[in-house]
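Below, each chain spelled out in residue letters.
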Amino acid sequence: MVPLTSVRPRLAPLRRLARSAAARRADGVFLVEGATLAAEAAAAGLGVREVYIEGARADEDERRLGDRLAGAGATLISVEAGTLARVGASVTPQALLAVVERPVASASEEAASFVLVAVSVADPGNAGTLLRCAEAAGAGGVIFAGDAADPYGPKAVRASAGSIFRLPPALSQDPLASLNDLRAGGLRTVGAAAGRGLAYDRADLSPPLALVVGNESHGLPSSLAGSIDEWVHVPLGGQAESLNVGAAAAVLCFEVQRRRRDAPAADGTVLDR
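Rules and cut-offs
Residues numbered from 1 in each chain as written. Predicted model: local features only at pLDDT ≥ 70, side-chain atom pairs only at ≥ 80, totals over all residues. Heavy atoms only, no water. Pairing = 2+ DSSP bridges. Helix = DSSP H or I, 4+ residues; strand = E, 2+ residues; numbered from the N terminus. Contact = heavy atoms within 4.5 Å. Axes fitted to C-alpha atoms, helices over the stretch in contact; angles between N-to-C directions. pLDDT = per-residue confidence, 0-100. Buried < 20%, exposed > 50% of the residue type's maximum accessible area, 1.4 Å probe, protein only. Arc of directions from axis to C-beta. Salt bridge = Lys/Arg side-chain N within 4 Å of Asp/Glu carboxyl O. Phe/Tyr/Trp six-rings, centres within 6.5 Å; stacked < 30°, edge-to-face > 60°. Right-handed = clockwise from strand over helix to strand, strands pointing away.

Attention shifts here to the sheet that holds strand E10 (residues 198-199). What the seven strands build is an open sheet, ordered E8-E7-E6-E11-E9-E12-E10; its pairing is parallel. The strands lining the two open edges of the sheet, one partner per strand, are strand E8 (170-172) and E10. Contacting strand E6 (114-119), strand E7 (141-145) and strand E11 (209-213), helix H5 (residues 124-136) crosses the sheet at an angle of about 160° to E7. Running over the sheet, helix H9 (residues 245-262) touches E6, strand E9 (188-192), E11 and strand E12 (230-233) and is turned about 165° from E11.

On average, residues of the protein chain score 88 in pLDDT, and 89% of them are at 70 or above. Element-level mean pLDDT values for the protein chain span from 56 in strand E1 (residues 2-3) up to 97 in helix H3 (residues 35-43). Counting interchain partners and residues more than four positions distant, the pLDDT-below-50 stretch residues 266-273 has eleven contacts.

Take H3 next. Burial in H3 covers these residues: Ala35, Leu37, Ala38 and Ala41. Buried residues of H3, seen end-on, are gathered within an arc of 165° and therefore sit on one face of the element. Among the exposed residues of H3, those oriented more than 90 degrees off its buried face are Thr36 and Ala43. In the core, the buried residues of H3 are packed alongside strand E2 (29-33), helix H4 (60-71), strand E5 (96-101), helix H6 (154-160) and helix H7 (163-166). Positive phi appears at Gly45, one or two residues downstream of H3, with a value of about 90°.

Inspection of the entire model under this criterion finds 14 salt bridges. For Glu54, the salt bridge identified is with Arg57, shortest N-O distance 2.7 Å. When salt bridges that share partners are traced, they join Glu40, Glu135 and Arg166 into one network.

This part takes up the environment of Gly153. Looking at where Gly153 falls in the secondary structure, it is placed in the loop between E7 and H6. Looking at Gly153, the relative accessible area reads 8%, which means it is buried. Gly153 sits 134 residues away from Arg19 along the chain, and the two C-alpha atoms are 7.5 Å apart.

Evaluation of the coordinates by the stated rule reveals two aromatic pairs. Look at Phe30 and Tyr152: their rings are 5.0 Å apart centre to centre, the planes differ by 65°, and that puts the pair in the edge-to-face class. Residue Phe30 is located in strand E2, and its partner Tyr152 is located in the loop between E7 and H6; the two are separated by 122 residues in the primary sequence. The buried category is assigned to Tyr152, whose relative accessible area is 2%. Here the aromatic rings of Phe30 and Phe165 are separated by 6.3 Å at their centres, their planes lie at 35°, and the arrangement is tilted. Within this pair, whereas Phe30 is found in strand E2, its partner Phe165 is found in helix H7, the two being separated by 135 residues in sequence.

Quick look at the pairing of strand E3 (residues 48-54) now. With five of seven residues buried, E3 lies mostly within the body of the structure. With five bridges joining them, E3 and E5 adopt antiparallel strand pairing. Looking at E5, one finds that Val51 is bridged to Ala98. As paired strands, E3 and strand E4 (residues 75-79) are joined by five bridges and run parallel to one another. Considered in E4, the bridge of Glu54 is made with Val79. Following the chain from E3 across H4 to the adjacent parallel E4, one finds a crossover that is right-handed.

In structure tokens, the structure reads:
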């Protein structure tokens, strides 16, 4: 393990990575906090460039992981207790922090049947939750479009619970172009909006489709209406006026998964999975 004799020169770049989406894009890396997520990143095949460990706080598993990542090519650096609290964004600072190479967005074969598009979702916690829901529901791709939170920010990475490593999202500055590309590729675009269109259990959510969700406060912009093929909503009970975008997306994503699971195969059988 390399001792960190001069903290300041290394901590400044780490702080930039924690706070700046532009720095993460320029350097092609992002921060992963904690041994669990760092191990998942490595297991997903992502390159780990540096590992910082607070030796006084690290347990045996964290030290063992650090040694394993160092054996795979990462630079392992020991820091004093309390150092990582000055870098990371976690309320409870971890004893291990990794600098990981950003994956290239790639879609599985299922991308042709189910993609989640998040337009101008501002909260990084919601961004991470959307990735987690999309992976759990079997989506083949996720697109963050418009003025959206960076899914590679520390809070979003934590909220994704590792999904960002296995289902790396595509980023797009132009939501309209993204929707039109998806439609040209044969996907129906289904926009989610409170009280608009059919209730989700009555709507056609059978793949292939792109499920489109919008900003927490303003929803989907009217400028995209011409590129939305159908609208869908989640009926609400009580006096609630709306759902958090992550909660609404979870309901809709798992309905898409149910429709796909219940769809008969070419031989007429129904998959039970």
